[in-house]
Amino acid sequence: MKRIVILISGRGSNMQAVLDAKLDATVAAVISNNPAAGGLELARSRGVETVVVNHREYPDRASFDLVLGDRIASYQPDLIVLAGFMRILTQAFIERFNDRIMNIHPSLLPAFPGMDTHRRALEKGVRLHGCTVHFVTPFLDSGPIIIQAAVSVLPGDDEPRLAARVLEQEHKAYPLAIRWFLNGRLAIENGRVRVSGDCRYPGAFIAPEPA
């Protein structure tokens, strides 16, 4: 059975969605850079081993990533899942686990990379917003896209309302992308992800309008 390591920094709602999906894989560990991350207790309650590698205890990003990478490697993961992990990883770390790191970002990339995506989407007046699951590369939020989920931006939306609808789609899209990976259905060709076989959502889907 394939093995997953999940990295979190906070409450771990996407981690919970992955655990709830009951994927055909072993979640070998949940690792956080934040000792106070709420998701750690949730993981323990599910019987998942937890580890803290506190970035504040290291003098620089490179030394932190080296220790983090060693801890991850000890679990021999097939896939590393970033689930609200609020650290920018070094190129050396990413190359160490090349094509085995997956992330979910709360926008329809390449629109709105980085932080404050919902606020920026509202400021720009976009009609569609959403989330993107992608492989991680050394370039921030620029890796090959696996799947995207979109929601309509509605009149009267504010950041919390829009973020909540996007989060609902994150919890659907992330387990699906991971399942495709575990089943060997993802291939990166010329910087783009190809999903093989018959799949309901071959690359993107649009959430239904709210009632």
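Treat the numbers as computed from the prediction; the structure is a model and nothing was measured. (Residues numbered from 1 in each chain as written. Predicted model: local features only at pLDDT ≥ 70, side-chain atom pairs only at ≥ 80, totals over all residues. Heavy atoms only, no water.)

### So, the packing of helix α1 (residues 13-20) against helix α6 (residues 159-182)
Relative orientation of the contacting elements α1 and α6 amounts to 50°, with a least axis distance of 9 Å. If you check the angle between α1 and α6, you find them oblique. The way α1 lies across α6 gives a crossing that is right-handed. Residues Ser-13, Asn-14, Ala-17 and Val-18 of α1 pack against Leu-167, Glu-170, His-171, Tyr-174, Pro-175 and Ile-178 of α6. Taken together, the residues that form the contact of α1 with α6 break down as six nonpolar, three polar and one charged. (Axes fitted to C-alpha atoms, helices over the stretch in contact; angles between N-to-C directions. Helix = DSSP H or I, 4+ residues; strand = E, 2+ residues; numbered from the N terminus. Parallel < 35°, antiparallel > 145°, perpendicular 65-115°, else oblique. Left-handed = near helix turned anticlockwise from the far one by under 90°. Contact = heavy atoms within 4.5 Å. Nonpolar A, V, L, I, M, F, W, Y, C, P; charged D, E, K, R; others polar.)

### Regarding the environment of Gln-91
Along the chain, Gln-91 turns up in helix α4 (residues 91-96). Along the backbone, Gln-91 and Asp-65 are 26 residues apart, and their C-alpha atoms lie at a distance of 9.7 Å.

### Things to note about the pairing of strand β5 (residues 101-105)
Among the five residues in β5, five count as buried, and that is most of the element. Across the two faces of β5 the burial is the same, with Ile-101, Asn-103 and His-105 and Met-102 and Ile-104 all buried. In terms of strand pairing, strand β4 (residues 79-82) meets β5 through three bridges, oriented parallel. Note that in β5 the partner of Leu-82 across the bridge is Asn-103. Following the backbone out of β4, through α4 and into the adjacent parallel β5, one traces a crossover that is right-handed. Inspection of the sheet shows β5 paired to strand β6 (residues 128-135) by four bridges, in the antiparallel sense. Bridging from a neighbouring strand, Ile-104 pairs with Val-133 of β6. (Buried < 20%, exposed > 50% of the residue type's maximum accessible area, 1.4 Å probe, protein only. Pairing = 2+ DSSP bridges. Right-handed = clockwise from strand over helix to strand, strands pointing away.)

Functional significance is not addressed by these values, which are geometric in nature.
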